[in-house]
Amino acid sequence: MDGYREIYLKELEENVIPFWMNNCPDRGFGGYFTCLDRDGSIYDTVKFMWMQWRIVYMLSEFYAKLRPEKEWLEQASQGFEFLKRHGKAGNGWYYFSIERDGTPSTAPYSVFSDCFACMGSAALFRATGRDDAKKEALSAYRTYLSRKDNPKGPWEKKMPGAKRWSSLGFHMMQANLAMIMSECLGNDEFLPDIIQASETIFSKFWNPEMKMMFENIPDGGGFDLDSITGRHLNPGHAIESMWFLMEAARRRGDQNTITKAAEVILAMFELGWDREHGGFFYFMDALGKPNAELHWDMKLWWVHCEATIAADMAFHNTGRKEFRDWFMKIHDWTWSHFPDPQYGEWFAYLNRRGEPTSYMKGGKWKTLFHLPRMLLICGKTIDS
């Protein structure tokens, strides 16, 4: 796949990073603005914890893997300090959101706030060697794992008699967190958590007969095809989880897991691709029944970023031509629909035909994360 490296790294360094560095740092209170309109102007000052910690993570990654730019590290460090000071509740859980000045605004109901705090702190530790960053990473990691059986805690809306589910998202992030912790802290103590998450995903969420990776399974195991929740498919999550497991397997020389992950990626590519308009569906129903989410057929930036990474990794780890073909197919559709030629960066939300439904560049769910992570990973591996 010669010639792609320059495209990806140029987009990262000349377009995406400058857009965020010029617009997101809050030089008054600390942390970052993530609700950015098409031109980078701020349309809300609330600070969502997922988005804040993801910026700490990516700036630390740029410093470690792109080049040691002083400004990137300074901004990652000030974000870490602001979030550590204002972002945590008394029980150690991170809030979902805080006001611009750090005043808590949404309860810590989301376990993924702790997840991304772990990622950001670990990456900052690798970049700086700061003991407080290592301590925060370990604390957030333990908190994340401890919330497995009751992730929302007292903010769970369901009644005791409701059916209990296990979510793919928790296990895929367990594998990713353990891999990041191992890489950034430089030890193998997290390897059992990676292996456990991998075994759980393949044995419980993957249905080999249907060739589908399910998003939710009943706590007792098996697949529930009689409910909307049980039939729910999220192609982007499934694909993202597989490149997590594939990369972790590559690092420990586990060819069997690489092969299994490649098969799942290929199956989800085939299942999730919109044969009429191109691009990947956001959500699907395992039996083709009505989807509860009205935006199920939209095309989202992050899904296509994760699919790009997965195709690139699968080709490099298996050498199979179909993954090279998929990479080029995904690249062509993605790059012809998401980049904004006028103001830079990428649109987030497209309708099924590939037309933008919103021109914002950042908000409650989009920040400096999926896109730059994809550009960095692929820019470093595509032509290697």
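Residues numbered from 1 in each chain as written. Predicted model: local features only at pLDDT ≥ 70, side-chain atom pairs only at ≥ 80, totals over all residues. Heavy atoms only, no water.

Caption draft 1: Here's a closer look at the nonpolar core. One finds Phe62, Met213 and Phe269 to be the most contacted residues of the largest nonpolar core, which totals 140 residues. Aside from chain neighbours lying at most four places away, what touches Met213 is Leu168, Ile201, Phe205, Trp206, Leu233, Ala238, Met242, Val264 and Met268. (Core = buried A, V, L, I, M, F, W, Y, C linked by side-chain atoms within 4.5 Å. Buried < 20%, exposed > 50% of the residue type's maximum accessible area, 1.4 Å probe, protein only. Contact = heavy atoms within 4.5 Å.)

Caption draft 2: The arrangement of the environment of Lys157 in detail. With respect to the helices and strands, the residue Lys157 is situated in the loop between α5 (131-146) and β6 (165-167). For Lys157, a relative accessible area of 75% corresponds to the exposed category. With 175 residues separating them along the chain, Lys157 and Asp332 place their C-alpha atoms 42 Å apart. (Helix = DSSP H or I, 4+ residues; strand = E, 2+ residues; numbered from the N terminus.)

Caption draft 3: Highlighting the state of the cysteines. On inspection of all chains with the given rule, the structure shows zero disulfides. Its sulfur unpaired, Cys115 is 7.0 Å from the next cysteine sulfur, which belongs to Cys118. Residue Cys115 is classed as buried on the basis of its relative accessible area of 0%. Of the cysteine sulfurs around Cys184, a residue in no disulfide, the closest is that of Cys118, at 8.9 Å. (Disulfide = S-S within 2.5 Å.)

Caption draft 4: Region of interest: the packing of α5 against helix α6 (residues 168-185). Two numbers describe how α5 lies on α6: the axes approach to 11 Å, and their chain directions differ by 160°. By the angle between their directions, the pair α5 and α6 is classed as roughly antiparallel. Crossing geometry of α5 relative to α6 is assigned as left-handed. Each of Lys134, Ala137, Leu138, Tyr141, Tyr144 and Leu145 in α5 lies in contact with α6, whose residues at this interface are Gly169, Phe170, Met173, Gln174, Leu177, Ala178, Met181 and Leu185. (Axes fitted to C-alpha atoms, helices over the stretch in contact; angles between N-to-C directions. Parallel < 35°, antiparallel > 145°, perpendicular 65-115°, else oblique. Left-handed = near helix turned anticlockwise from the far one by under 90°.)

Caption draft 5: Main features of the layout of surface pockets. Counted as a void, the second largest pocket has a volume near 390 Å³. Contributing to the lining of the second largest pocket are 21 residues, with Lys65, Glu247, Arg251, Met313 and Ile377 lying nearest its centre. Only α2 (49-65), α6, α9 (235-252), α11 (301-318) and α13 (370-381) provide two or more residues apiece to the lining of the second largest pocket. Looking at the lining of the second largest pocket element by element, the count peaks at five residues for α13. Class assignment for the residues of the lining of the second largest pocket results in eight nonpolar, four polar and nine charged. (1 Å grid on protein atoms, 1.4 Å probe; cavity = no way out; pocket = protein on both sides within 12 Å on 5 of 7 lines; lining within 4 Å. Points joined across faces, edges and corners; volume = space filled by probe spheres on them. Nonpolar A, V, L, I, M, F, W, Y, C, P; charged D, E, K, R; others polar.)

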